[in-house]
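Letter by letter, the chains look like this.
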Amino acid sequence: MRKRDSLFRSVILTLLIGLVPFIGWSQDSDLKPVTNKYAIKNATIVQAPGKTIQNGTILIENGIIKAVGSSVTIPADAWVVDADSMFVYAGFISGLSNIGVKKPEDKDGGDDRKLTGTPTDERAGITPGNSAREMLNVSDKSVDDFRKLGFTASHSVPHNGMLPGTGTIIILGGDNDQDMVVKDQVTMYSQFSGAGGVYPNTVIGVMAKYRDLYRKASQASDYQNKYNASPNGMERPAPNATLEALYPIVSKQMTVAFKAEGIKDVMRAIVLQRDLGFKMMLGEVKQGWDAIPAIKATGAPVFLSLDLPEWKEQEKKEDKDDEEKEEKEPTESELEEKALQERQYAMIKNYYTQAGKFSSNGVKFGFSTMEVKSKDFRTNLLKVIENGLSEDKALAALTTEPASILGLSSLMGTIETGKMANLVVSDTAYFTKDANVRYVFVDGIKYDFEAKKKKKKKSSDGEGVDAAGVWNYTTETPQGNGSGVITLKGTPGDYSGTISVSFNGSTNEIENVEVDGNNVSFSFKLNMGEEITVDISMDIDGDTFEGTLSVAAFGSFPMEGSKEPNN
Amino acid sequence: MIKNIKNILTLVLALTTGLAFGQIPSAETGTFALTNAKIETVTNGTIQNGIVIISDGKIAEVGSNVTIPQGAKTIDCSGMTIYPGMIDGGTQVGLVEVSSDPRTRDNNEIGDVIPHIQALTAVNPSSVIHPVTRVNGVTTVLTMPSGGLFPGTAALINLHGYTPDQMYAGFKGVVLNFPTTGRRGRWDRRSDDDIKKAAEKALKQLNDVWAKATQYHKIDSATNGKDQPYYPEMKALLPVVRGEMKLLVNVNSANDIKEALKWIEKNGADAVLCGVSEGWRAAEDIAKAGVPVITGPVLSNPTRGYDRYDRPYANAGAMQKAGVKVAIRTNEVENARNLPYHAGFAATYGMGKEEALKAVTIVPAEIFGVSDMYGSIEKGKVANLFVTSGDPFETKTQIKYVFIDGWNIPMISRHTQLYEEYLNRAPGVEK
Amino acid sequence: MKKINIIIALMLTVTFVMAQKKGSVLIKSGTVLTVTNGTLENTDVLIRDGKISKIGKGLSAPSGSKIIDASGMFVMPGIIDAHSHLALDAVNEATSPVTAEVWVGDALDPLDVGIYQALAGGVTSAHSMHGSANAIGGQCETVKFRYGEIEPDKLRMAGAPRTIKFALGENPTRVHGSGNGIQPRTRMGVEHVIRSSFQQAKEYKAAWDEYNAKKKDKRYKGKAPAYDLRLETLADILRGDIIIHCHSYRADEIYMLMQVCKDYGIKRLVFQHVNEGFKVAPELAKFGAGASVFADWWAYKFEVYYSTAYNAAILTKNGVTTSINSDSGELIRHLYHEAAKSQKYGGLTDDQALSLITINPAKQLGIADRVGSLEEGKEGDVAIFKNHPLSIYAIPTVTIVDGIVRFDRENDPADMRLYPDPEEKIDVTLWEAEDHDRCMANTEFLFTDK
């Protein structure tokens, strides 16, 4: 068992400078960098929340912060980053995420219905022996997406199941997958996920299975310890990889990291913790505001989600309404809608004020990025700050707090000599609306980003398919097969054109053109002695389409066609 | 153990041969005089100490000064009240027997547009549910097919008779499930967009069908119906398009109700709104359109999580107060017998006893165009009535007699039979 | 091995006593339907700190307590529903015919607006049950309707006995036999599944008893029996710590479970639905089993085709402790009306009819010493009605739980959701009436892509 024990011991893989060759570290080029020394000059350096140096310089060498201050001498062989008017912060740490972790392939495991009650542990989502480390992929899009935002490290966990495996601390960059690893087997990741059609399928199954496994592991590890101490006369313990993987949470050497989004998930995690007594942290919490006293009572640190419901600007809408119908009495349904909207706004507000409340109630928290889309991260963060979280606390929740919760304070979280050179440089204060991240340093490696260009104005509802061109079609009707040519001119949303009909040799103007995704529909009037209206609907897939031709009183008939290539 | 198995076997035998078990005796017909009764005529007020004469299936006389014909069977109704038989304006009675067993479900045929499919043809006259329902005073029900856009033609039936034709009560209407923009339930996880698109598509389909039917009607009129090819769907819609037959429009959510009213007006259909669970949200519109409503079930949950808890109870009253002609239905099968309780809850929550009573008697009769035959105690009407110990909505009230088509219905059902057999079971615990 | 013992000890007390809000209220001059001690005209009920402290005339309220004028009104004990699936996020762990270890108390949903709708029907407590997919389903939870509390723990009726759901007949055989091709496919199989589970639990219990005895000798080096939460739970049934509440319909299966329980010395048994209970009423009475029935539901499946609405009356008249339940978010809104049906179908007295939804379900849940009637010392759970609660014209007006008014018709905003959906589009949503039979919720996946 000694071998196993060593596996469970938390292994710190601080990257030893010099052992790793500096080849291909730069993102955009295969050329190796000319130097591994950087000097960020003349910047506003936010060393730690509330601690700022104006016009300071940071010296980086071999991935380590060598010096920070206002009077640092820049060596001649350093690459100087002129950071006039820029702001430097410690790189952000995601408290819980799947950044850099591959999704397991969907296995179409032979559906043996007889085993729904007794699936394998793997099928049941019980793989505590897995580690995120084994699933890392440095070129996963998430690594780049979050690095762009200023994240340099993450507590990354495996996907899927109630016990998907252990979490790994990674940095968001590296030469290969394993380069990312900072610290392995830091937490036992857990979630209330049913196994989908087999036991445990529902949350009640998951809760019961969690208790059962924990107590089994507790019993087994107890016996194992006795056996290790004096095996003479004792039955050999039955090996069980699943239970053995849980020993460190039973012995409280490893913390359980529970994903708990909703209020009820939070309370359920607390119930399990209370029943079983493991060490716990809560992650990706979305609805925790009513659970603050309960969370406080457990002492568990929290990572709050930044995946928030869309913020709605209430006031503006009202103003508009007032202008339009100042005199009209609101109808009952308008009053109802208004009341409901107000409740909805109030509810949405809860999500945005939550971090501020956690802060003022003294609950230790950071942010997690499991669900938030990277494009929404900054918008949501700034809204959270607007709703009562101070900038310092926000910065702490992105740097010092996760570092402290995850036991990384000696490595990261602040800009101090000797720590890993994980930095984010923005062109103005990060917590202002127009800030752009310009540089991110991950373990001393520099990533450059362009300042965002002003958004182009989008054409109205312009997402439709580009169908302009000449389309040949055929159609089958009970009267026989027809054919002809559809000519579409203009841009999506603004098409005009003609359709020719082999039936009577006519060419007709089309009208009422509508574009919806890849569907284009229009109608035209066909003179058959009496004028009839024909509706056409085309589902366009590249250069071909399938669709229908409908005549009100006669029915719908299939049609298909293709685009003439020379257009 | 052997004894056990024997018991079980006996039971299984009883169950498998059970469809014949406990036959209910035949009803009795002839001339009846119900005397010394309080009569709630519904249309002509209350008659104290009155007499109702039933003869040839009809109400021959009503009043306090009525001569009892010779040979009439006299039933002393002292302390009792006579009410017209209750009409449930929407059920699947007769089409469904055991709802979880597909072999006993005949309410839902394949096809989206099948207005020619006839509920009446599949009404099972021997359904165990008929006696259970009628002994509670529900003498007449509308039985409706369900399913797609036009799931078929509903029929009004009396709950006594040995063939569907004997049961038929003189009204048929084509059912339309109006395209819904709402979610169908908690499990309906479609996106708002998908729901909207599906509704638009269904509405387009409805308009197409209607346009075809209109065209069919034009041709049919022009050719006097000669040489029209076999087209049963259009043939079934023909009287509806011509306004000679009612269109029974199932619709529930407020937006759909408004859409349906617009559609009805545009197409000039002679329509009835059925279901209408959010009618209170659109009561003014319905009243203005002058379209009658058959609403229910009254005993149901609010349609939206944020609606006041008593909206379903108060819905019928709210519409009626806004000027809508409102009848009440259960939308039930085996529990259609609870119609008086649905009406009772509506009465309690705003409709009042009098209007609630009308909503299960004369109003549905008027909506179905059969008020010359049903819905009140009046001379010349069909003798559908019941005699009670008191207020028919009050839960503990006992119903003493039920007449359907002039037949004196035995007050026996599977439920009463099992009660008789098992109240004091013999043998008891010891054999 | 001490640790294990501690863990097991902990398991027995899975419900933690939580500090509950309790209120004081004086209900003045009502017609008090005590249920157990007759009807008292023009009488006051005083609740202090959540408990009924006095029932009498001319009582005065301690300062600061709420006063409700109930003159012309009817005051009855809060209604108790012995069969509900309200306030639950998960109902069935339908993946195995035996799932004794799961517990719906783990899936409590205090945000369910159905709780408020039930309060508005005078209901103060319910037995939130596991579904009927499995022969031996999960453990249930007795809850009080303290709507407005967010923490699931605050719904629990702390100290109420543990209960577990069993199920016989069509549901378990359909899910496992027809659905998965494993036992049980027939009522014969159901009996076997239950018997063999009890047998395993008996052996498990014996093995632990033996181990614990031997372990007293410090030199003993033997291995403990392998811990198993499922068998632990079943063993607790054998120990008499858990009341069985069994979904059942047909007389033969009802009779079967009584035989099995006799064989394993199990005495705490309540049958749920039990539509053919009337056929074996003398046997039920002799066993001392309870019956929790629908007022008049029948014919929705074959095993209830031979039912009668007179079931409650026959059972009551045969001396069976009988309750009327809802098993539905709709029926629970008017259990007072459901109880009144026992007067139409079988002529029960007012007290007998009211017992069906108060003291009798309390007995079946093992909480009759605390709730179910208006008696001094009992908990302050009260429903106030305009018109007699057994009348069709009854309107619940105030519902009180632990002395706290949780529903007041006079002060009743429409939107009572606690956590409105922040993303729901407001104008298009229509919730059709909830399916009646939530007993089979969470089993849908078993009936698709077969």
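Residues numbered from 1 in each chain as written. Chains lettered and ligands numbered in written order. Predicted model: local features only at pLDDT ≥ 70, side-chain atom pairs only at ≥ 80, totals over all residues.

K.L.:
It is not clear to me how the overall build of chain A should be interpreted in this structure. Could you clarify?
P.N.:
The secondary structure content of chain A amounts to 11 helices and 26 strands. For chain A, with 567 residues in total, the buried portion stands at 43%. Contacts in chain A between residues at least 24 apart in sequence constitute 64% of all its contacts with a sequence separation of at least 6. (Helix = DSSP H or I, 4+ residues; strand = E, 2+ residues; numbered from the N terminus. Buried ≥ 20, exposed ≤ 12 C-beta atoms within 10 Å, placed from the backbone. Contact = placed C-beta atoms within 7 Å.)

K.L.:
Whenever I open this one, the overall build of chain C confuses me. Can you help?
P.N.:
For chain C, the helix and strand inventory stands at 11 helices and 16 strands. Taken along its principal axes, the extent of the C-alpha atoms in chain C is 70 × 55 × 55 Å. Expressed as a percentage of contacts within chain C between residues at least 6 apart in sequence, the contacts between residues at least 24 apart total 71%.

K.L.:
Help me understand the nonpolar core in this model?
P.N.:
Most often, soluble globular proteins keep nonpolar side chains buried together rather than apart. Judged by nonpolar contacts, the single largest core of 400 residues is most densely connected at Val-88 and Leu-282 of chain A, Val-52, Val-249, Leu-273 and Ala-346 of chain B together with Val-75 of chain C. Ranked by residue count, the leading element in this core is helix H3 (residues 203-229) of chain A, at 10 residues. A domain split of this core shows at least three residues from each of domain 1 (24-84 + 375-431) and domain 2 (86-373) of chain B. Those residues in contact with Val-52 of chain B, other than ones at most four positions away along the chain, are Leu-34, Ala-37, Ile-39, Ile-59, Val-62, Ile-82 and Ile-377 of chain B. (Core = buried A, V, L, I, M, F, W, Y, C linked by C-beta atoms within 7 Å. Domains from an automatic or database assignment.)

K.L.:
So what exactly am I meant to see when it comes to the interface of chain C and chain B here?
P.N.:
Accessible area lost on assembly of the parts is the figure often given for the size of an interface. The partner chain B presents 49 residues to the 51 residues of chain C that form the contact. Of all the secondary-structure elements, those providing two or more residues to the side of chain C that touches chain B are helix H2 (113-119), helix H6 (251-263), helix H7 (281-287), helix H8 (311-317) and helix H9 (335-344) of chain C.

K.L.:
I tried to follow the pairing of strand E10 (residues 242-248) of chain C on my own but got confused; where do I start?
P.N.:
Within a regular strand, the side chains alternate between the two sheet faces. Residues and elements named next belong to chain C. Counting buried positions along E10 gives seven out of seven residues, so the element sits mostly inside the fold. The two faces of E10 match: Ile-242, Ile-244, Cys-246 and Ser-248 on one face and Ile-243, His-245 and His-247 on the other face are all buried. Pairing of strand E9 (residues 162-167) with E10, which is carried by six bridges, proceeds in the parallel orientation. Bridge pairing in E10 links Phe-166 to Cys-246. The sheet contact formed by E10 and strand E11 (residues 269-273) spans five bridges and is parallel. Paired with Ile-244 across the bridge in E11 is Leu-269. (Pairing = 2+ DSSP bridges.)

K.L.:
How do you make sense of the interface of chain C and chain A when you look at a structure like this?
P.N.:
Listed by partner, the interface residues are 40 residues for chain C and 43 residues for chain A. Of the residues forming the side of chain C that touches chain A, the biggest block, four residues, is contributed by helix H1 (residues 2-12) of chain C.

K.L.:
Please explain the sheet that holds E9 of chain C as it appears in this structure.
P.N.:
Residue and element names in this part refer to chain C. Taken in spatial order, the eight strands of this open sheet run E6-E7-E8-E9-E10-E11-E12-E13, and their pairing is mixed. The open sheet is flanked by strand E6 (79-84) and strand E13 (322-324), the only strands paired with a single partner. Strand-to-strand twist across the sheet, computed as the mean angle between neighbouring axes with direction ignored, equals 25 degrees. Of the pairings in the sheet, the one linking strand E8 (residues 136-144) to E9 comprises three bridges and is antiparallel in character. Counted as the bridge partner of Cys-140 is Thr-163 from E9. (Axes fitted to C-alpha atoms, helices over the stretch in contact; angles between N-to-C directions.)

K.L.:
I'm lost on helix H4 (residues 241-250) of chain A in this one. Help?
P.N.:
One turn of an α-helix holds 3.6 residues; hence residues three or four places apart share an orientation. All names here are of chain A. Among the 10 residues that make up H4, eight are buried, leaving the element largely enclosed by the rest of the structure. Within H4, burial applies to Leu-243, Glu-244, Ala-245, Leu-246, Tyr-247, Pro-248, Ile-249 and Val-250. Within two residues after H4, Lys-252 carries a phi angle of roughly 65 degrees, on the positive side.

K.L.:
Please explain the environment of Ala-294 of chain A as it appears in this structure.
P.N.:
Within the secondary structure layout, Ala-294 of chain A lies in helix H6 (residues 292-298). Taking the C-alpha atoms as reference points, Ala-294 of chain A and Phe-449 of chain A, 155 residues apart in sequence, are found 43 Å from one another. Not counting residues up to four positions away in its chain, the partners in contact with Ala-294 of chain A are Met-267 and Ile-270 of chain A together with Glu-151 of chain C.

K.L.:
Is there a simple way to explain the confidence of the model for chain C in this structure?
P.N.:
Atom-level detail of predicted coordinates should not be read off regions where pLDDT is low. Residues and elements named next belong to chain C. Per-residue pLDDT for chain C averages 92, and the proportion of residues at 70 or more is 90%. Note that residues 1-18 has pLDDT below 50 and, in this model, 21 contacts with residues that lie over four places away or in other chains. Two summary scores accompany this predicted model of the complex, namely pTM at 0.87 and ipTM at 0.93. (pLDDT = per-residue confidence, 0-100.)

K.L.:
Looking at this structure, how should I read the pairing of strand E1 (residues 32-40) of chain B?
P.N.:
Residue and element names in this part refer to chain B. Note that E1 and strand E2 (residues 46-55) share six bridges and pair antiparallel. Along E2, the bridge assignment pairs Phe-32 with Ile-54. Two successive antiparallel strands, E1 and E2, enclose a turn made up of five residues, where Val-42 displays a positive phi of approximately 75 degrees. Here four bridges tie E1 to strand E4 (residues 73-76), and the two strands are oriented parallel to one another. Looking at the pairing, Ala-33 lines up with Thr-74 of E4. For E1 and strand E5 (residues 81-84), the ladder comprises two bridges, and the chain directions are parallel. Residue pairing for E5: Lys-38 is matched across the bridge by Thr-81.

K.L.:
Just to check I follow, could you spell out the sheet that holds strand E13 (residues 326-328) of chain B for this structure?
P.N.:
Working definition: the strands of a sheet are paired by backbone hydrogen bonds and lie parallel or antiparallel to each other. Residues and elements named next belong to chain B. Reading across from one edge, E6-E7-E8-E9-E10-E11-E12-E13 is the order of the eight strands in this open sheet, with mixed pairing throughout. With partners counted over all chains shown, the strands left at the sheet margins are strand E6 (86-91) and E13, one partner each. Strand-to-strand, the axes of this sheet are offset by a mean angle of 25 degrees, without reference to chain direction. By the bridge criterion, five bridges tie strand E10 (residues 246-251) to strand E11 (residues 271-275) in an arrangement that is parallel. Bridge assignment links Leu-248 to a residue of E11, and that residue is Val-272. Packing against the sheet, helix H6 (residues 254-267) makes contact with E10 and E11, and its axis sits at approximately 160 degrees to E10.

K.L.:
Sorry, what's going on with the packing of helix H8 (residues 311-321) of chain B against helix H9 (residues 339-351) of chain B here?
P.N.:
Relative orientation and spacing of two packed helices are given, respectively, by the angle between their axes and the distance between those axes. All names here are of chain B. Where H8 contacts H9, the two axes come as close as 7 Å, and the packing angle between them is 60 degrees. It follows that H8 is oblique to H9 by the angle criterion. As for how H8 packs across H9, the hand of that crossing is right-handed. Taken together, the residues of H9 that come into contact with H8 (itself represented by Tyr-313, Ala-314, Ala-316, Gly-317, Ala-318 and Gln-320) are Phe-345, Ala-346, Tyr-349, Gly-350 and Met-351. Class assignment of the residues belonging to the contact of H8 with H9 gives a composition of eight nonpolar, three polar and no charged. (Parallel < 35°, antiparallel > 145°, perpendicular 65-115°, else oblique. Left-handed = near helix turned anticlockwise from the far one by under 90°. Nonpolar A, V, L, I, M, F, W, Y, C, P; charged D, E, K, R; others polar.)

K.L.:
Is there a simple way to explain the environment of Ile-47 of chain C in this structure?
P.N.:
All names here are of chain C. One can find Ile-47 in strand E2 (residues 39-48). Using a count of 27 C-beta atoms within 10 Å as the deciding quantity, one classes Ile-47 as buried. Along the primary structure Ile-47 and Ile-404 are separated by 357 residues, whereas in three dimensions their C-alpha atoms are 9.3 Å apart. Leaving out residues up to four positions away in the same chain, Ile-47 has contacts with Ser-24, Val-25, Ile-52, Ser-53, Gly-380, Ile-400 and Gly-403.

K.L.:
What is the right way to look at unusual backbone geometry in this model?
P.N.:
Glycine aside, residues mostly have negative phi angles, and peptide bonds mostly take the trans form. The linkage connecting Gly-296 of chain B with the following residue, Pro-297 of chain B, adopts the cis geometry, with an omega of 10 degrees. Looking at the secondary structure, you find Pro-297 of chain B in the loop between strand E12 (293-295) and H8. Cis rather than trans, the peptide bond between Gln-183 of chain C and Pro-184 of chain C has omega equal to 5 degrees. Tracing the sequence through the fold places Pro-184 of chain C in the loop between helix H3 (170-180) and helix H4 (187-214).

K.L.:
In this structure, what is going on with the packing of H4 of chain C against helix H5 (residues 229-238) of chain C? I would like to understand it.
P.N.:
Residue and element names in this part refer to chain C. Contact pair H4 / H5: the axes reach a minimum separation of 8 Å and the direction vectors enclose 90 degrees. Classed by the angle they form, the pair H4 and H5 counts as roughly perpendicular. Residues Ser-197, Phe-198, Gln-200, Ala-201, Lys-202, Tyr-204 and Lys-205 of H4 form the contact with H5, whose participating residues are Leu-231, Leu-234, Ala-235 and Leu-238. Tallied by class, the residues present in the contact of H4 with H5 amount to seven nonpolar, two polar and two charged.

K.L.:
So what exactly am I meant to see when it comes to the environment of Asn-65 of chain B here?
P.N.:
Residue and element names in this part refer to chain B. Mapped onto the secondary structure, Asn-65 falls in the loop between strand E3 (58-63) and E4. Overall, Asn-65 belongs to the exposed group, with 7 C-beta atoms counted inside 10 Å. Separated by 47 residues in the primary sequence, Asn-65 and Asp-112 have C-alpha atoms spaced 56 Å apart.

K.L.:
What is the right way to read the confidence of the model for chain A from this model?
P.N.:
Residue and element names in this part refer to chain A. Residue-level pLDDT values for chain A average 86, and 86% of them are 70 or greater. Confidence over residues 1-29 falls short of pLDDT 50; this stretch has 36 contacts with residues more than four positions distant or in other chains. Low pLDDT, under 50, characterises residues 316-323; the predicted model gives this stretch zero contacts beyond four residues in sequence or across chains.

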